[in-house]
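Here is what each chain is made of, one letter per residue.
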Amino acid sequence: MSTAGLDPTGATGEVVLAAREVRKSFAIGERSLEILHGADLALRASERLCLMGASGAGKSTFLHILGLLEQPTEGRVILAGEDAWSLPARRRADLRNRHIGFVFQFYHLLPELDAVENVVLPGMIARGGPRFDRSAARERAENLLDRFGLSERLTHRPGQLSGGERQRVAIARALFLDPQVLIADEPTGNLDTQTGERGLDLLLAEQELRGLALLLVTHDERIAARCERTLTMEDGLIQADSAHPVPH
Ligand SMILES: Nc1ncnc2c1ncn2[C@@H]1O[C@H](COP(=O)(O)OP(=O)(O)O)[C@@H](O)[C@H]1O
Ligand SMILES: [Mg+2]
């Protein structure tokens, strides 16, 4: 399925990830509360796209749907040309593993595993089985962590790491399977300015080096200034693109 030419902003480049009319409701007791009211988004190859918006606007919910972690109530997510939520679960998981790296707001590292194991684990689950080479995977994780300045922290568990170190382990894990798209939910939100900046520099350097499409949620204007486009989520909808206003 092609999504070329559907971007109302007129931006060019191949769309790697798109949301079309995404709605999401949660059941609250007997009632159903709609959080996303038909959100659209198009993320292009190699671009840095920033998503801002008030707390509670639905940003994390939208990222989880785009990252194929949570099912929309209505609407479509198109990843690498596939209508992801219409696929059987197994094929969708495979699509996600091949294309998407996700850095969670609070990292979600597993406390009983060390840094290397945290980086390797999603790969083992995704690519497990007799053909998965454990020692090659470990070596790959160690190389990533080494590049991120964590060579002395390989066997530390999350509880023995600082916030900035945990963030870098989470970034390494997201990059482990060589995704095409990196989604990061407030990756610097829980860190002091200097630590957050270091992690962000590293994230952006990897993005550039690998030519990744990056979708980043942040509250920080300085981070937004380092992205090519900024979208705002308001009341469960994506507002017009700030860098390329819709022409009339
Ligand atoms: N699993 C859930 N069940 C019920 N309500 C939820 C759930 N997840 C999120 N919400 C609600 O959806 C709204 C948007 O949440 P969220 O996507 O986390 O916003 P943001 O990331 O922009 O702060 C909030 O009001 C939140 O309470
Ligand atoms: Mg959030």
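A quick note: this is a predicted structure, and the numbers were derived from the prediction, not measured.

Draft legend 1. Region of the structure containing the pattern of salt bridges. For the structure on display, the rule yields 14 salt bridges. Ionic pairing is found between Asp 178 and Arg 210, a salt bridge with its closest N-O pair at 3.1 Å. Placement of the pair is Asp 178 in the loop between helix H5 (163-175) and strand S7 (181-185) and Arg 210 in helix H6 (residues 193-210), with a sequence separation of 32 residues. By relative accessible area, which is 48% here, Asp 178 ends up partly exposed. With relative accessibility at 27%, the residue Arg 210 sits in the partly exposed group. The salt bridge involving Glu 206 is made with Arg 210; its shortest N-O contact spans 2.7 Å. Here Glu 206 and its partner Arg 210 are both found in helix H6, four residues apart, which amounts to about one turn of the helix.

Draft legend 2. Spatial organisation of the sheet that holds strand S5 (residues 82-83). Here four strands make up an open sheet; going across it, the order is S2-S1-S4-S5 and the pairing antiparallel. This sheet does not close on itself; its edge strands, each paired only once, are strand S2 (31-44) and S5. Across five bridges, strand S1 (residues 15-28) lies against strand S4 (residues 74-79) in antiparallel orientation. Within S4, the position partnered with Leu 17 by the bridge is Leu 79. Those strands touched by helix H1 (residues 59-66) are S1, S2 and S4, and its axis lies near 125° from that of S1.

Draft legend 3. Examining the site of ligand 1 more closely. Around ligand 1 sit Phe 26, Ile 28, Ile 35, Ala 54, Ser 55, Gly 56, Ala 57, Gly 58, Lys 59, Ser 60 and Thr 61, and those are all the residues in its vicinity. In the environment of ligand 1, an oxygen atom lies 2.9 Å from a nitrogen or oxygen atom belonging to the backbone of Ser 60. Contact with the protein chains covers 59% of the free accessible surface of ligand 1, which is 560 Å². For the shell around ligand 1, the secondary structure elements donating two or more residues are S1 and H1. Here the shell around ligand 1 gets three residues from one element, more than from any other, and that element is H1. Taken together, the residues that form the shell around ligand 1 break down as five nonpolar, five polar and one charged.

Rules behind the numbers
- Residues numbered from 1 in each chain as written.
- Chains lettered and ligands numbered in written order.
- Predicted model: local features only at pLDDT ≥ 70, side-chain atom pairs only at ≥ 80, totals over all residues.
- Heavy atoms only, no water.
- Salt bridge = Lys/Arg side-chain N within 4 Å of Asp/Glu carboxyl O.
- Helix = DSSP H or I, 4+ residues; strand = E, 2+ residues; numbered from the N terminus.
- Buried < 20%, exposed > 50% of the residue type's maximum accessible area, 1.4 Å probe, protein only.
- Pairing = 2+ DSSP bridges.
- Contact = heavy atoms within 4.5 Å.
- Axes fitted to C-alpha atoms, helices over the stretch in contact; angles between N-to-C directions.
- Near = heavy atom within 4 Å.
- Polar contact = N/O pair within 3.5 Å; in protein donor to acceptor, adjacent residues only side chain to side chain.
- Areas by Shrake-Rupley, 256 points an atom, 1.4 Å probe, with all protein chains shown as cover.
- Nonpolar A, V, L, I, M, F, W, Y, C, P; charged D, E, K, R; others polar.

The quantities given are spatial measurements derived from coordinates; they are silent on function.
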